[in-house]
Amino acid sequence: MANVAKRQFDAVIVGAGGAGMRAALQLSEAGLKTAVLSKVFPTRSHTVAAQGGISASLGNVQEDKWEWHMYDTVKGSDWLGDQDAIEFMCKTAPEAVIELEHFGMPFDRVESGRIYQRPFGGHTANFGEKPVQRACAAADRTGHALLHTLYQRNVRANTQFFVEWMALDLIRDADGDVVGVTALEMETGEVYVLHAKAVLFATGGAGRIYAASTNAFINTGDGLGMCARAGIPLEDMEFWQFHPTGVAGAGVLITEGVRGEGGILLNGNGERFMERYAPTLKDLAPRDFVSRCMALEVLEGRGAGKNKDHVLLKLDHLGPEVINHRLPSIREIAIKFAGVDPIKEPIPVIPTTHYQMGGIPTNYLGEVMVPKGDNPEVRVNGFYAAGECACASVHGANRLGTNSLLDLVVFGKSAGDSMIDFIKRERPVHKPLPENAADYSLSRIARLENQTGGEEVNDVRSAMQKTIQLRAGVFRNSENMALGVKEIAEVAERAKRTQIKDKSKVWNTARIEALELDNLIEAAVATMIAADARKESRGAHSHDDFQKRDDDNWMKHSLFFNHDRHLDYKPVHTKPLTVDYIPPKERTF
Ligand SMILES: Cc1cc2nc3c(=O)[nH]c(=O)nc-3n(C[C@H](O)[C@H](O)[C@H](O)COP(=O)(O)OP(=O)(O)OC[C@H]3O[C@@H](n4cnc5c(N)ncnc54)[C@H](O)[C@@H]3O)c2cc1C
C-alpha cells in the first residue's frame, strides 16, 4: 500500500449531525472506541438549522396516538414508505423525544410543564379528521437545541471527534464487506486510512444539486457519492421535497411552524387559496401538495408582487407576542432576507428544494441492504447509514415536516445498537484492510493535481444546478426530463476534467470543492435518471404526462447503479411489524 497513515477504531461515523451524533452516543456509551468525522465543527451541521420541531404522539396538548402518526406518515409518503420502518419510527417516537428531554434538551413548555407541541403539515388526529399538535418544539430553533444537547452528551461519553476532516471513499474488501474509509485532514491536506469494524454514514442531504435550496453549502451528498463509487445503489433519488415557504429570491427557509401557529398563505389577489385545494387541512396539507398549489397559483397568473412570481405568508394577525416568543428567528430571517417585518407585513415565499427522500438503502435497523441475485435486500457487512443520507424508507415519496429530526434520533440509535451487536458478535477483531485501501482516493487527488487545461469547478457545478433546477422541478414532463438526462450526462463528463489552480496542501478549499463536486454529480445523475424513468405521479414526483399514481406498476422503490447507470426496482415493504397493513387510497386533505 502507498505510504498512508492509518488509524484504528471500533466504529467510524461519517457525519456529526443529529443522526451521526445519536449513533455515536450509543456506541461510546457502550464502551466502543468511536470516531466521528465532520467537515465542519459538529454543531454547525445542517441539523442546527432545523426550526419547526420533532414529531411524537405525546398527546401533551390534545389526544394523540402513534397509530395516527403512522397513518399520516404512510399517507404522506404516498404509499411508497416501508410500513415496517414507519411503524418502528412512530411507535418509538415518544420514548425517543422523552429521552432527549432527559438528556437536557430545552423544549418549550405548556402550562402543565410538559413539552410544548404545535400543529404541522399532514399531522392529524383520528386518521385525517383534523390537524393535531404533534410537533415538539424549542421555539423555532429545535434543531439547534437538539444538536447541542447531543454534542454535549458525546463529549461526556468520550466520543472522539475529527473536526474538519472529509471522508473521501468507502473501503470494501474482496468479499464486498466494509472495513473503513479514507479521509482527508483539511488542515494538512494529508490522506488517512481509518480502519474500522463498522462504519456508519450520516452525511446528510445533497440539496445543493439544485440552484435554489434551503440547504447549507456543505450538503453535497458525500455519502451518496462514496456509495455510488463503491458499487452501492442509491434508492428513490427521483423524490425531492420542495418546501412551500422558502423566502422568494433568497431560498432561506421559513418553517412550516409559522402555519402551525396560524399563519396563512395568500395569493396576489389576497385570497386564502389553500381553502380551495384542501378544505380540511387548508394551509397545513403536506408539503408536496401545498407546493404544487402555490406553483399553480403563480402559473395561472395569481402570483403576488411586481412580477407575480411568488405568494405571501401572512402572520401579522398572530400578534407580536406569539411571533416574538414562538418564532423569533423567523422574524429575524424575514427582516434580513426579505426586508419585511412579519409583525406588520406578509413574507414573500416560493417552493424551494429542501429535502431528499431517497438515499442509501437501509432497513429499520440501519443496516445497508443491497440486491444480490434474486434477493432484493442483502446486508453489506460492516456498513450502516442513518439520517437524511439514508433511505429506510420512512418518508417514501414525500416526507412530513418534523419527521426528519425524529428519523435522526430513532434510526441513529437503532443503527448504533445494530453496530454494537455486529461488533460484539460478528466482528470482535478488525477484518484486514485490502492491500490497495487508499489507492483509489489517492488517484482521485493525483488527477486533480495533474489536470491541466480542464474545467473550472464553479462552471461545472453551476451547469449541474441549472440542469437539475430546470429539469427536475416541482412539475415534470417527459420531454423536459429526457433533455435533463442528456444534459446531466454531459455535465458529468465535464466533471471528470475539473482542474484546480491552487495545488497547495494546507486548507486547500478549492480541492475540497472539487471533491465535493464529484459527490454532487453522482446524486444529480441518479436524480435525473430515476425521475425520467418513473412514469406516474406520486408524492413529490409530479409528472404532467402521467398525472395519476399507478400502484399496479409503480409501487416500488428505484435503485440506481452508477457503474453502468442502470435502474433496478425493489418492492415496498407492505407488512408492518405488528399492526395491519394500511392499504393505498386517494390522498385528499
Ligand atoms: C433549514 C432547514 C430546516 C429544517 N427544519 C426541520 C424541522 O423543523 N424538523 C425536521 O424534522 N426536519 C427539518 N429539516 C430537515 C432536517 O433538519 C435534516 O434532514 C437533518 O437535520 C439531517 O440530519 P443528518 O444528521 O442526516 O445530517 P446533517 O445535520 O446535515 O449533518 C451531516 C454531517 O455530515 C458531515 N459530512 C458530510 N459529508 C462529509 C464527509 N465527506 N466527510 C466528513 N463529514 C461529512 C457534515 O460535516 C455534518 O456533520 C430542516 C432542514 C433544513 C435545511
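Residues numbered from 1 in each chain as written. Predicted model: local features only at pLDDT ≥ 70, side-chain atom pairs only at ≥ 80, totals over all residues. Heavy atoms only, no water.

Around the ligand lies a shell of 38 residues, among which Ser-45, His-46, Thr-47, Gly-52 and Glu-388 are the nearest. In the environment of the ligand, a nitrogen atom lies 3.0 Å from a nitrogen or oxygen atom belonging to the backbone of Gly-53. Here an oxygen atom of the ligand sits 2.5 Å away from a polar atom, N or O, in the side chain of Glu-388. Notes on the ligand: free accessible area 1000 Å², of which the protein chains cover 99%. Residue assignment for the shell around the ligand shows that the elements contributing at least two residues are helix H1 (18–29), strand E2 (34–38), strand E7 (165–172), strand E14 (347–356) and helix H11 (403–425). The element best represented in the shell around the ligand is H11, accounting for four residues. Of the residues in the shell around the ligand, the class split is 15 nonpolar, 19 polar and four charged. (Near = heavy atom within 4 Å. Polar contact = N/O pair within 3.5 Å; in protein donor to acceptor, adjacent residues only side chain to side chain. Areas by Shrake-Rupley, 256 points an atom, 1.4 Å probe, with all protein chains shown as cover. Helix = DSSP H or I, 4+ residues; strand = E, 2+ residues; numbered from the N terminus. Nonpolar A, V, L, I, M, F, W, Y, C, P; charged D, E, K, R; others polar.)

The next thing to look at is the UniProt feature "domain: FAD-dependent oxidoreductase 2 FAD-binding" (unreviewed entry) in the protein chain. Mapped onto this numbering, the UniProt entry gives "domain: FAD-dependent oxidoreductase 2 FAD-binding" (unreviewed entry) at residues 10–405. For the annotated span residues 10–405, helix accounts for 28% and strand for 27% of the residues, and the straight-line distance between the end C-alpha atoms is 26 Å. (UniProt positions renumbered as here; feature names shortened; annotations may be inferred.)

What follows covers helix H10 (residues 328–338). Taken as a whole, H10 has its buried residues at Ser-329, Ile-330, Ile-333 and Ala-334. Down the axis, H10 shows its buried residues gathered within 140 degrees of arc, on one side only. Structurally, H10 contributes buried residues whose contacts are with strand E11 (240–247), helix H6 (257–260) and E14. Directly beyond the C-terminal end of H10, a positive phi value near 65 degrees is found at Gly-339. (Buried < 20%, exposed > 50% of the residue type's maximum accessible area, 1.4 Å probe, protein only. Arc of directions from axis to C-beta. Contact = heavy atoms within 4.5 Å.)

Quick look at the sheet that holds E14 now. Pairing is antiparallel across the open sheet formed by four strands, whose spatial order is E11-E14-E13-E12. Two strands lie at the open edges of the sheet, namely E11 and strand E12 (264–266), each paired on one side alone. Strand after strand, the sheet turns through a mean of 45 degrees between neighbouring axes, direction not considered. Note that strand E13 (residues 311–314) and E14 share three bridges and pair antiparallel. The partner of Leu-312 across the bridge, within E14, is Pro-348. Its contacts with the sheet place helix H8 (residues 287–299) against E11, E12, E13 and E14, and it is angled at close to 60 degrees to E11. (Pairing = 2+ DSSP bridges. Axes fitted to C-alpha atoms, helices over the stretch in contact; angles between N-to-C directions.)

Turning our attention to the packing of helix H12 (residues 439–450) against helix H15 (residues 509–533). Running from N to C, H12 and H15 cross one another at 120 degrees; their axes reach a closest spacing of 11 Å. Classified by the angle their axes make, H12 and H15 are oblique. Like other packed secondary-structure pairs, H12 and H15 cross with a definite hand, here right-handed. Counting all contacts with H12, which are made through Arg-444, Ile-445, Leu-448 and Glu-449, the residues of H15 involved are Arg-511, Ala-514, Leu-515 and Asp-518. Here the residues of the contact of H12 with H15 are counted per class, giving four nonpolar, no polar and four charged. (Parallel < 35°, antiparallel > 145°, perpendicular 65-115°, else oblique. Left-handed = near helix turned anticlockwise from the far one by under 90°.)

Quick look at the packing of aromatic side chains now. Pairs of aromatic rings are described using the distance from one ring centre to the other and the angle between the two planes. Under the defined criterion, the tally for this structure stands at 16 aromatic pairs. Centroid distance Tyr-71 to Phe-127: 5.3 Å. Interplanar angle 90 degrees. Geometry classified as edge-to-face. Within this pair, whereas Tyr-71 is found in helix H2 (residues 66–76), its partner Phe-127 is found in the loop between strand E4 (117–125) and strand E5 (130–136), the two being separated by 56 residues in sequence. Tyr-71 gets classed as buried once you look at its relative accessible area, which sits at 8%. Given a relative accessible area of 44%, Phe-127 falls into the partly exposed group. A centroid spacing of 5.0 Å and a plane angle of 90 degrees characterise the contact between Phe-201 and Phe-383, whose relative ring orientation is edge-to-face. Taken together, the residues Phe-201 in strand E9 (residues 190–201) and Phe-383 in strand E17 (residues 375–385) connect sequence positions 182 residues apart. Of the two residues examined, Phe-201 and Phe-383, each falls in the buried class. Here the aromatic cluster, defined as three or more aromatic residues joined through ring pairs, consists of Phe-9, Phe-162, Trp-165 and Tyr-192. Over the ring of Phe-217 we find Arg-208, and its NZ or CZ is 4.1 Å from the ring centre. The ring centre of Trp-554 lies 4.9 Å from the NZ or CZ of Lys-556, which sits over that ring. (Phe/Tyr/Trp six-rings, centres within 6.5 Å; stacked < 30°, edge-to-face > 60°. Lys NZ or Arg CZ within 6 Å of the ring centre and 35° of its normal.)

Another point: the domain arrangement of the protein chain. Examined at the domain level, the protein chain breaks down into domain 1 (245–351) and domain 2 (439–549). Summarising the inter-unit geometry, the C-alpha centres of domain 1 and domain 2 are found 31 Å apart. The interface of domain 1 with domain 2 comprises seven residues on the first partner and five residues on the second. Summing both sides of the interface, domain 1 and domain 2 together bury roughly 410 Å²; the carbon and sulfur share of this comes to 78%. Considering only the surface of domain 1 that becomes buried against domain 2, Asp-288, Arg-292 and Ala-295 emerge as the three largest contributors, covering 73% of it. Summed over the shared surface of domain 1 and domain 2, the result is zero salt bridges. Between domain 1 and domain 2 we count one residue pair in polar contact (both at pLDDT 80 or more) in total. Tallying contributions element by element places H8 first for the side of domain 1 that touches domain 2, with six residues. Looking at the side of domain 1 that touches domain 2 residue by residue, the classes come out as four nonpolar, one polar and two charged. (Domains from an automatic or database assignment. Buried area = accessible area lost by both parts, 1.4 Å probe. Salt bridge = Lys/Arg side-chain N within 4 Å of Asp/Glu carboxyl O.)

With that settled, consider the pairing of E4. Burial analysis of E4 places nine of its nine residues in the buried class, which makes it a mostly covered element. The pairing of E4 with E5 spans five bridges and is antiparallel. By the bridge assignment for E5, Arg-118 is matched with Ala-135. Where E4 hands over to E5, the hairpin turn is made up of four residues, of which Asn-126 adopts a positive phi near 55 degrees.

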